[in-house]
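# Geometric and topological summary
Spelled out from the first residue to the last, the chains are:
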Amino acid sequence: MNVRRRLIPTAALASATVLGLTALTACSSSAADDKDGKLDVVASFYPMQYLAEQIGGDHVSVTNLTDAGQEPHDLDVSAKQRGELEDSDVALYLKGLQPAVDTAIDQSGIKTKVDAASLTSMEKHGTEVGGHADEHAEEGHEDHGHEHSHEGSDPHIWLDPVRYAEVAEGVGKALQKADPDHAATYKKNTAKLVKKLDGLNKRFEDGLKNTKAAPPKVFITTHAAFGYLAERYGLTEEAISGLDPEGEPSAKRVKDLQKMAKEDGVTTVFYETLVSDETARTLAKDANLKTDVLDPIEGITKKSRGDDYIEVMDSNLQALRKALGAK
């Protein structure tokens, strides 16, 4: 049987776009000259906060619009947060993930607006229809889901260490322009972070290379957050509810996943920490599968298997290795 990968790549952005900055205004003097001498950065959610803190170090003061434990897709920007945006020097966000944040930043008077989505290539990843599980259900049918529609570009770029490193480099350049007095430190910290992400990428490459699971190395998640990661390391993600973390799957979708899991030897249904695990556990129980956590790292909480991005990604790697029968 020919197995079609469920990732639907769009045209890659031009190389210049990788280093592009959205509405970036260079200042003739440092933006950190006033207040406490630090560059005030507002981050839209944890992955952006992590970049700002790692690269900015002691020279930045970072405010996260999304509280720990809050599902970032549902964020509604308050009047207080709009005020924080107006008082900040830099806004770091990922356009397309949080519509309310996109609107608030567009309407603000912030001098430096850095859209992480403009710093790397973006792709479309399949929704809950027309994926690998659908092929099992439609085996022998010529269409295989090609005519099904797909949602817009997948925003979960931070779960691919290579793309996240590209974003880090762009953020570093933005901070250097916004605060030239500390440009050397930002440049040094950026290089240090990129090296850490390169190491993470190497661990994933090595860790997922030899597994008992035969290609397409399928894993099931609650929502389609891991498309970039799957593409990077030769895996196939099947999400119960597409790109919507709180969407309800159809009865047909559940049946297709159960059939696929049996035929492909899937062992585990992954759930995440910031949304209900009820659907994942129900599917796992009905299909006699195990459950485990695969964290999209949209926030760090007490439930997180690690204290920061790198630690949680390493935990994700171990969970995938276990589920796929890594040697």
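First, a word on what this report is: a plain description of the structure on this page.

What counts as what
Residues numbered from 1 in each chain as written. Predicted model: local features only at pLDDT ≥ 70, side-chain atom pairs only at ≥ 80, totals over all residues. Heavy atoms only, no water. Helix = DSSP H or I, 4+ residues; strand = E, 2+ residues; numbered from the N terminus. Buried < 20%, exposed > 50% of the residue type's maximum accessible area, 1.4 Å probe, protein only. Contact = heavy atoms within 4.5 Å. Areas by Shrake-Rupley, 256 points an atom, 1.4 Å probe, with all protein chains shown as cover. Pairing = 2+ DSSP bridges. Axes fitted to C-alpha atoms, helices over the stretch in contact; angles between N-to-C directions. Phe/Tyr/Trp six-rings, centres within 6.5 Å; stacked < 30°, edge-to-face > 60°.

## Digging into the overall build of the protein chain
A tally of regular secondary structure across the protein chain gives 11 helices and 10 strands. Relative to its 327 residues, the protein chain shows a buried fraction of 52%. Across the protein chain, every contact between residues at least 6 apart in sequence was considered, and the portion connecting residues at least 24 apart equals 67%. Accessible surface for the protein chain amounts to roughly 14,400 Å². Of this, 48% is attributable to carbon and sulfur atoms.

## Topic: the sheet that holds strand β10 (residues 290–293)
Taken in spatial order, the four strands make up an open sheet running β8-β7-β9-β10, and their pairing is parallel. Taken across any chain shown, the strands that pair with only one partner, and hence form the sheet edges, are β8 (236–239) and β10. Neighbour to neighbour, the strand axes of the sheet diverge by 35 degrees on average, direction disregarded. In this sheet, strand β9 (residues 268–271) lies alongside strand β7 (residues 218–221) in parallel orientation, the contact comprising two bridges. Bridged to threonine 221 within β9 is phenylalanine 270. Running over the sheet, helix α10 (residues 278–286) touches β7, β9 and β10 and is turned about 175 degrees from β9.

## Regarding the packing of aromatic side chains
Under the defined criterion, the tally for this structure stands at six aromatic pairs. With a centroid separation of 6.1 Å and an interplanar angle of 45 degrees, the aromatic rings of tyrosine 46 and tyrosine 50 are classed as tilted. You can see tyrosine 46 and its partner tyrosine 50 sitting in helix α2 (residues 46–56), four residues apart, about one turn around the helix. Its relative accessible area of 8% is what places tyrosine 46 among the buried residues. Pairwise contacts between aromatic rings join Tyr46, Tyr50, Tyr164 and Tyr309 into one cluster.

## Some words on the sheet that holds strand β4 (residues 90–93)
What the four strands build is an open sheet, ordered β3-β2-β4-β5; its pairing is parallel. The open sheet is flanked by β3 (60–64) and β5 (112–115), the only strands paired with a single partner. Taking each pair of neighbouring strands and ignoring which way they run, the sheet shows an average axis angle of 20 degrees. As paired strands, strand β2 (residues 39–43) and β4 are joined by three bridges and run parallel to one another. Bridge pairing in β4 places valine 41 opposite valine 90. This element, helix α4 (residues 99–107), spans β4 and β5 of the sheet and lies at about 155 degrees to β4.

Function cannot be read off these values alone, since they describe shape.
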